[in-house]
Amino acid sequence: MLNIALPKGRLGDQVYDKFQKLGLGCSGMDGSDRRLVFENPEAGVRYLLVKPSDVAVYVVHGAADIGVVGKDVLLETEPDVYELCDLGIGKCRIVIAAKNGFKEDTSVPLRVATKYPHVTAHYYADLNRRIELIKLNGSIELAPVTGLSDVISDIVETGTTLKENNLSVLETIAFSSARLIANKSAYQFKREMIDGIRDRMEQLR
Amino acid sequence: MEVALLTEKLPFFDRIPLQLRALYESFGYRKYRMDKFETYDTYRENKNFLTGEGIITFTGAGGRLMALKPDVTISIIKNVDPEDVREKLFYHENVFRMKKGDGEVREISQTGLEYIGADDAFSEAEVVILAAKSLSLLDENDILNIGHMGFLSGVFGDLSEELLDALAGKNRAALAEICGDAELAETLCTLCEKPTAELEFLKGLVKNERTQAAFEELKTLAGLLCAAGLDENIRIDFSTVNAPDYYNGIVMRGYISKAASAVLAGGRYDSMMRRFGKPQTALGFAIYLGELERVFYEPSEFDADILLVYGECDPREALEKAEKMRAQGYTVRAEKDQNGGVRAKKTIVLGANQDA
């Protein structure tokens, strides 16, 4: 049995579509069923629906053999896993954004609100720029609007949310998309099945 | 006799260090015992060797900064006599590390083996065979991956951190971008074969003296492993990498199906020996037993085979009875009464003329 961790939500639905195309579908997963575990014994797969940022945690600890997770999460948490392929969906960027017309004052530390403290700290350390990090868990766009921070470092797909909050992109830090990852130990013992999924996923692209 | 009986009764996890010790001693390796502390200076310049984890320090007498031992290999290297041609050692020690990020302090039980002066095909095969046998003791489903840092240096020249990360993560796309060769990236990420002696799949990557030498070394090793009948559980896999400042030849990583992360790691660390000014070559590995405690946890149903309740009985008689039962191979727990909540297969109440 191969345990697969998928992110709950829109990306998870897209990813599940792909698994379904490989003939690894599972009854009940497409509808209103609110269970978090779905199993297809004939195909030998079990899906675990978890919070997107927790997918890698399940995989690292072996509770899931493989999983699908955004590159943004991989960059932030640097889990010790195999990153087998780019699924080419869930594309987005991690950017630095600020209020329209923002002018940076380099004589003081820059206050940066973000969900990605590790990636952000790394980016500014490379620039030798002193910052104050403010870790938020959501509605990051609110931070510059309310004066909580000077800029934000956040994920952007189309940029609509930024625009609606009168923010604009200053810099792109990283590109992200959904990646297929595998637990390093599980991969040794379920190699054929995992490589099979990877190869067919690549063909689907 | 009595000790043998007790050892058999030990839970699997507690038997592991004893079995590993027996294995290493059967190859003539000597046990190495060390102190828990070391001066911090020993580690300061070799922090990267410790896979990025923090060291726990304290101030010793005279204001010297001391460290709780985060690693055993470095101490062994430090104490190697440069005049000694060969040393075969093993150890079973607890090491102390501070986890990156949350700073959690951990005590890790580690068993390892070092072959100082391992410089020929035989010695390399011996250490790899011992690594493979150690894994098999832990779990019947085990895989030992072997890579070669010298081969990678030959292919790429300088090994940057990004390059090693991409290799370790089997990340084709990232590797292709770094080395600008999609085909090479694909080969190195998929490469994983049982070491059939010819290693055909590697030939295409042999381009210069370094890769040629590493290729020959791997081929010889593979041939010896096949001859030893161990090739089933061994793979040549270039996602097996380790810090190139320290490791310059073969590198190993071992997995068992019961554990989610690698339980064995090691390789040839001649470069590390040079850093400490030692002329010898060296090869070794460590097994992280601490991580396995949970994996092999077996809740025991009983505290003892027999609960002997002696009550107001003559103590001499009670001691004698208990000893007699132990001599028959039972574990016996003696208590004054039955109120202690002791779980036993059988309860014997002395002086009551009956077995409950």
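Points about the overall build of chain B
Across its full length, chain B carries 13 helices and 16 strands. Overall, chain B is about 85 × 55 × 40 Å in size when its C-alpha atoms are taken along their principal axes. For chain B, the proportion of its 356 residues judged to be buried stands at 34%. In chain B, once contacts between residues fewer than 6 apart in sequence are set aside, the share between residues at least 24 apart is 69%.

Here's the deal with the confidence of the model for chain B
Put simply, chain B has an average pLDDT of 88, and 95% of its residues get 70 or more. Reported for the predicted complex are a pTM of 0.87 and an ipTM of 0.86.

Here we look at the environment of Glu216(B)
All names here are of chain B. Turning to its location among the elements, Glu216 is positioned in helix 11 (residues 209-227). Assessed through the 13 C-beta atoms surrounding it within 10 Å, Glu216 is described here as partly exposed. As for Glu216 and Val105, which are separated by 111 residues in sequence, their C-alpha atoms are 43 Å apart.

Focus: the sheet that holds strand 2 (residues 37-39) of chain B
Residues and elements named next belong to chain B. On the basis of which strands lie adjacent, the open sheet formed by three strands has the order 2-4-3 and antiparallel pairing. The open sheet is flanked by strand 2 and strand 3 (57-59), the only strands paired with a single partner. On average, each strand axis in the sheet is tilted by 40° relative to the strand beside it, whichever way the strands run. As paired strands, strand 3 and strand 4 (residues 65-68) are joined by three bridges and run antiparallel to one another. What sits directly across from Thr57, in strand 4, is Ala67.

A short note on the sheet that holds strand 3 (residues 45-50) of chain A
Residue and element names in this part refer to chain A. Here six strands make up an open sheet; going across it, the order is 2-3-1-4-11-5 and the pairing mixed. Each edge of the open sheet carries a strand with a single partner, namely strand 2 (37-40) and strand 5 (82-86). Between one strand axis and the next, the sheet turns through 25° on average, direction left out of account. Sheet topology note: the strand 5/strand 11 (residues 178-182) ladder contains four bridges and is antiparallel. Across the sheet, residue Glu83 finds its bridge partner in strand 11, namely Ile181. Seen against the sheet, helix 1 (residues 10-21) touches strand 1 (2-7), strand 3, strand 4 (66-70) and strand 11 and runs at an angle of roughly 140° to strand 1. Packing against the sheet, helix 8 (residues 191-204) makes contact with strand 1, strand 4, strand 5 and strand 11, and its axis sits at approximately 25° to strand 5.

A word on helix 2 (residues 12-26) of chain B
Because an α-helix completes one turn every 3.6 residues, residues spaced three or four positions apart along the sequence face the same direction. Residue and element names in this part refer to chain B. Across its 15 residues, helix 2 extends 20 Å between first and last C-alpha, which sits within 8% of the 21 Å expected from 1.5 Å per residue. Burial in helix 2 covers these residues: Ile16, Leu20 and Tyr24. Residues of helix 2 that are buried sit in contact with strand 5 (87-98), strand 6 (105-116) and helix 5 (121-138). A positive phi of about 80° marks Gly28, the residue just after helix 2.

Definitions and cut-offs
- Residues numbered from 1 in each chain as written.
- Chains lettered and ligands numbered in written order.
- Predicted model: local features only at pLDDT ≥ 70, side-chain atom pairs only at ≥ 80, totals over all residues.
- Helix = DSSP H or I, 4+ residues; strand = E, 2+ residues; numbered from the N terminus.
- Buried ≥ 20, exposed ≤ 12 C-beta atoms within 10 Å, placed from the backbone.
- Contact = placed C-beta atoms within 7 Å.
- pLDDT = per-residue confidence, 0-100.
- Pairing = 2+ DSSP bridges.
- Axes fitted to C-alpha atoms, helices over the stretch in contact; angles between N-to-C directions.
- Expected span 1.5 Å × (residues − 1).

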